[in-house]
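Survey of secondary and tertiary structure
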Amino acid sequence: MKPKRKYGDWVLPIGAALLLWGVAFSMACRLEGNRFVSVPIEQSFLERVLGVSRVAFGQTFFEQADLYFHQGVGYVRQQAFTNSVFIRAYEVIRPSAHAHTTGYTVSEILPWLQFTTRMDPKNVTAYLTTAYWLRSALRRPDLAEQVLLEAQRKNPYDYRVYNERARIAFQRRDDSRAARLLDAALKVWPSNEDPEDEQTLLDLSVILSRQAILYEMKGERDAALALFRKVVELRPGNVAVARRVEAMEQGMDYSHLDRKTWDILFGGTDKPVHVCGEGDDHDHDHDHDHNHDCEHHHHDI
Amino acid sequence: MMRVLTLSRVVWLEMIRRKDLYVLLILLVTLLFVLLSLNIFGLGGVVRYVADVGLLFAWLFAIILGVSTAGRQLPQEEAKRTIYPLLAKPVTRADVVLGKWLGSWTITVSCTALFYLLVVGVVLLRGGGIQPVTLAQGFVLHAVAMGIVTALTVAISTRMTYGAAASVAYILIAGAFSIASRVPELLVHEEGFVARGLLALYYGLPHLELFDLRQRIVHEWGAIPCRTLLFVAMYGVVWVLFLLLLAWMGYRRKRFKRGALG
């Protein structure tokens, strides 16, 4: 027969458990402090649940978009040996001809870009890439504008978004809006980017060049010339702009060609998406080295 | 052979009773409907991502089903002590191992076929298309890969509890997918002991990446040559036979302790 337990037998362990829980609770409160006060109100549910890991997810989705752009062909990476029977078999199995998606099939990459921006709203490059394809290959500048407006809401101080919106405004012949957006871009430049970085400086020269062209179109030659000079200062190697400054100083008038110039330099006219030749290494760089300040760096993924 | 078939039929009956398959099917259907309901900028005809994610989950769910079915069989017989009456019948231990594996494999392949049908149905419904020959090749190789997965899990479960066997199997499968295939790249930066270890993994683990034709199916790259298909399938069969031999060796002289496993 089991001995009957006294009521008092439970008091000590329950008391000790409560005490320990109280200590743990107060320590947790102290460790946490009042962090909840500093949580930005605009954080989405995904941001709160996934924390920083959403950036990694976003990057994975962005890489997936890149894979789709190359029709499932992965990057060629350096290998310590290539004569293995498994490698030879895998070479046959995996997609290996080198092509890029063109035209409407480009829309297949959009879900992954959308997933990227949902996961990581700070990934401005993903927004710009989405806007680029919507505007160029799919001929939907209205959707591109929507994407950029969302990018601006999430990243209000990023000059790249204003700069891209200016391009769309110009494409729609809304020059005054384009000018306002370029002013805004210039105000927030370099945003979170390194001001000494080559790409950031290139972007600045693009903003200034666009402003210059808009001034020239309005007939304000002096303002345009001043801006073009700034571009030459920023990028002394830019022969095209240097020649233009020289010509303008000699009294040449380019204003009738400005819209065409903008299109040529900044991609207003859509270029066909190229298809690599058979046997090309996919591991190529899409940032073509142009003489002028062309900017499709963001757009090829 | 009849004894093996009878044993595998028992595995089927148990599977029908259990809810694993239904749960996985419901999960896949839910996922596909979520993907379908996404509004991609109001553009129609965007369907590749549905096929891609659907097939990815078909692989994942097939692996989960294969490991959970195959890993449970032998430890469960021992935990429930039904192994004693089973072995008292005119059944060899080789029959038990083979029957359990065959049942687990055929269940996994049948469920994989269901998953594929579901994904293909949704893709067609959405207005997309899938090359049938490539899809058939992908399914055949997927089925062979599931043969390896189930044989591996049965082999491990001969000496471990269900939980431990499933965990080890998942680790080995993840390693085979994520490390073994990347060893030639990783070796570029490694040398000495680490390099030798990586090489051991490269040749020691099954190359499951060879059985995965998802990229070819999704991006419509067409069928692979028959010779390659046969080579990869034969490679898979060799692995299955090797793992079943290991399973039999691990089981043939095993002493059962009452209540030791479960």
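Note that the structure is predicted; figures quoted are calculated from it, not measured.

Let's shift gears to the overall build of chain A. Counting its regular elements, chain A contains 13 helices and zero strands. Counting from the amino terminus, helix and strand elements in chain A follow one another as α-α-α-α-α-α-α-α-α-α-α-α-α. Counting every position in chain A, which comprises 301 residues, the buried fraction comes to 43%. Looking at chain A alone, contacts between residues at least 24 apart form 66% of all its contacts between residues at least 6 apart. Accessible surface, chain A: about 17100 Å² in total, of which carbon and sulfur atoms supply 57%.

The next thing to look at is the overall build of chain B. Counting its secondary structure elements, chain B contains 11 helices and zero strands. Sequence-ordered secondary structure for chain B, helices as α and strands as β, is α-α-α-α-α-α-α-α-α-α-α. Here chain B has a C-alpha radius of gyration of 20 Å; the compact-globule value for 262 residues is 18 Å, and the two agree. Referenced to the eigenvectors of the C-alpha coordinate spread, the extents of chain B come out at roughly 65 × 50 × 30 Å. Put simply, chain B has 262 residues, and 52% of those count as buried. Across chain B, the fraction of contacts at a sequence separation of at least 24, relative to all contacts at a separation of at least 6, is 83%.

Each α-helix turn comprises 3.6 residues. Residues three or four places apart therefore point the same way. End to end, helix α5 (residues 93-125) of chain B covers 48 Å across 33 residues, agreeing with the expected 48 Å (1.5 Å per residue, within 8%). Two residues or fewer after α5 of chain B comes Gly127 of chain B, characterised by a positive phi angle close to 95°.

This part covers the packing of aromatic side chains. To describe a pair of aromatic rings, one takes the distance between the centres and the angle between the planes. Residue and element names in this part refer to chain B. Evaluation of the coordinates by the stated rule reveals 22 aromatic pairs over all chains. Their ring planes at 85° and their centres at 5.7 Å tell us that Trp59 and Phe177 sit as a pair that is edge-to-face. Residue Trp59 is located in helix α3 (residues 48-79), and its partner Phe177 is located in helix α7 (residues 162-178); the two are separated by 118 residues in the primary sequence. Take Trp59: its relative accessible area is 6%, and that puts it in the buried class.

Tracing the chain through its elements places Phe193 of chain B in helix α9 (residues 193-204). Looking at Phe193 of chain B, the relative accessible area reads 69%, which means it is exposed.

Most peptide bonds are trans, and most residues other than glycine sit at a negative phi. The omega angle of the peptide bond from Trp189 of chain A to Pro190 of chain A is 5°, so this bond is cis rather than trans. With respect to the element layout, Pro190 of chain A can be found in the loop between α9 (175-188) and α10 (198-218). Phi at Glu220 of chain B takes a positive value of approximately 55°, unusual for a residue other than glycine. Within the secondary structure, Glu220 of chain B sits in the loop between α10 (214-218) and α11 (226-252). Its relative accessible area of 37% is what places Glu220 of chain B among the partly exposed residues.

Taken together, the contact between chain B and chain A spans 36 residues of the former and 36 residues of the latter. Together, the buried faces of chain B and chain A total about 3200 Å²; carbon and sulfur atoms form 72% of this surface. For the pair chain B and chain A, the interface holds zero salt bridges. Counting across the chain B and chain A interface gives 11 residue pairs in polar contact (both at pLDDT 80 or more). For the side of chain B that touches chain A, the secondary structure elements donating two or more residues are α3, α8 (183-186), α9, α10 and α11 of chain B.

Attention now moves to α3 of chain B. All names here are of chain B. Under the 1.5 Å per step criterion, the end-to-end length of α3 is 46 Å for 32 residues, consistent within 8% with the ideal 46 Å. Bending of α3 peaks at approximately 35° at the position of Gln73, with proline Pro75 no more than four residues after it. Among the 32 residues that make up α3, 27 are buried, leaving the element largely enclosed by the rest of the structure. At the exit of α3 stands Arg81, carrying a positive phi of roughly 65°.

Let's shift gears to the confidence of the model for chain B. It should be kept in mind that the predicted coordinates are not to be read in detail where pLDDT is low. Mean pLDDT over chain B stands at 91; residues scoring 70 or higher make up 98%. Across chain B, helix α6 (residues 132-157) of chain B holds the top mean pLDDT of 96, while helix α4 (residues 83-88) of chain B sits lowest at 87.

Let us now look at the nonpolar core. Counting residues in hydrophobic clusters, the biggest one holds 117 residues, and the most contacted among them are Leu110 and Leu134 of chain A together with Tyr49 and Phe211 of chain B. Among the elements that line this core, the one with the most residues is α3 of chain B, at 14 residues. Every residue in contact with Phe211 of chain B, bar those within four places of it in the chain, is listed here: Trp59, Gly138, Leu141, His142, Val144, Ala145, Ile148, Val232, Tyr235 and Gly236 of chain B. Counting residues in each nonpolar core, the second largest holds 26 residues, with Leu182, Leu214, Phe228 and Val231 of chain A among its members.

Residue and element names in this part refer to chain A. Put simply, α9 and α10 touch, their axes get as near as 10 Å, and they point 145° apart. In the crossing of α9 with α10, the sense of the turn from one axis to the other is left-handed. Here Asp175, Ala178, Ala179, Leu182, Asp183, Ala185 and Leu186 of α9 lie close against α10, whose contacting residues are Leu204, Ile207, Leu208, Arg210, Gln211, Leu214 and Met217. Grouping the amino acids of the contact of α9 with α10 by side-chain chemistry returns 10 nonpolar, one polar and three charged.

Attention now moves to the pattern of salt bridges. All names here are of chain A. Applying the stated criterion across every chain yields a total of 21 salt bridges over all chains. Across the pair Arg135 and Glu164 runs a salt bridge, and its minimum N-O distance is 3.8 Å. A residue pair is termed long-range when its members are at least 10 positions apart, and Arg135 in helix α6 (residues 124-135) and Glu164 in helix α8 (residues 159-171) qualify at 29 residues. Each member of the pair Arg135 and Glu164 is classed as buried.

All names here are of chain B. Viewed as axis vectors pointing N to C, helix α1 (residues 2-17) and α3 meet at an angle of 115°, and their least axial separation amounts to 12 Å. Read as a crossing pair, α1 and α3 show a hand that is right-handed. On the side of α1, the interface is formed by Val11, Glu14 and Met15, while α3 contributes Leu65, Thr69, Arg72, Gln73 and Gln76. Looking at the contact of α1 with α3, its residues break down into three nonpolar, three polar and two charged.

Thresholds, definitions, all that
Residues numbered from 1 in each chain as written. Chains lettered and ligands numbered in written order. Predicted model: local features only at pLDDT ≥ 70, side-chain atom pairs only at ≥ 80, totals over all residues. Heavy atoms only, no water. Helix = DSSP H or I, 4+ residues; strand = E, 2+ residues; numbered from the N terminus. Buried < 20%, exposed > 50% of the residue type's maximum accessible area, 1.4 Å probe, protein only. Contact = heavy atoms within 4.5 Å. Areas by Shrake-Rupley, 256 points an atom, 1.4 Å probe, with all protein chains shown as cover. Rg over C-alpha atoms; globule rule 2.2 N^0.38 Å. Expected span 1.5 Å × (residues − 1). Phe/Tyr/Trp six-rings, centres within 6.5 Å; stacked < 30°, edge-to-face > 60°. Buried area = accessible area lost by both parts, 1.4 Å probe. Salt bridge = Lys/Arg side-chain N within 4 Å of Asp/Glu carboxyl O. Polar contact = N/O pair within 3.5 Å; in protein donor to acceptor, adjacent residues only side chain to side chain. Bend = angle between axes of the 7 residues up to and from the residue. pLDDT = per-residue confidence, 0-100. Core = buried A, V, L, I, M, F, W, Y, C linked by side-chain atoms within 4.5 Å. Axes fitted to C-alpha atoms, helices over the stretch in contact; angles between N-to-C directions. Left-handed = near helix turned anticlockwise from the far one by under 90°. Nonpolar A, V, L, I, M, F, W, Y, C, P; charged D, E, K, R; others polar.

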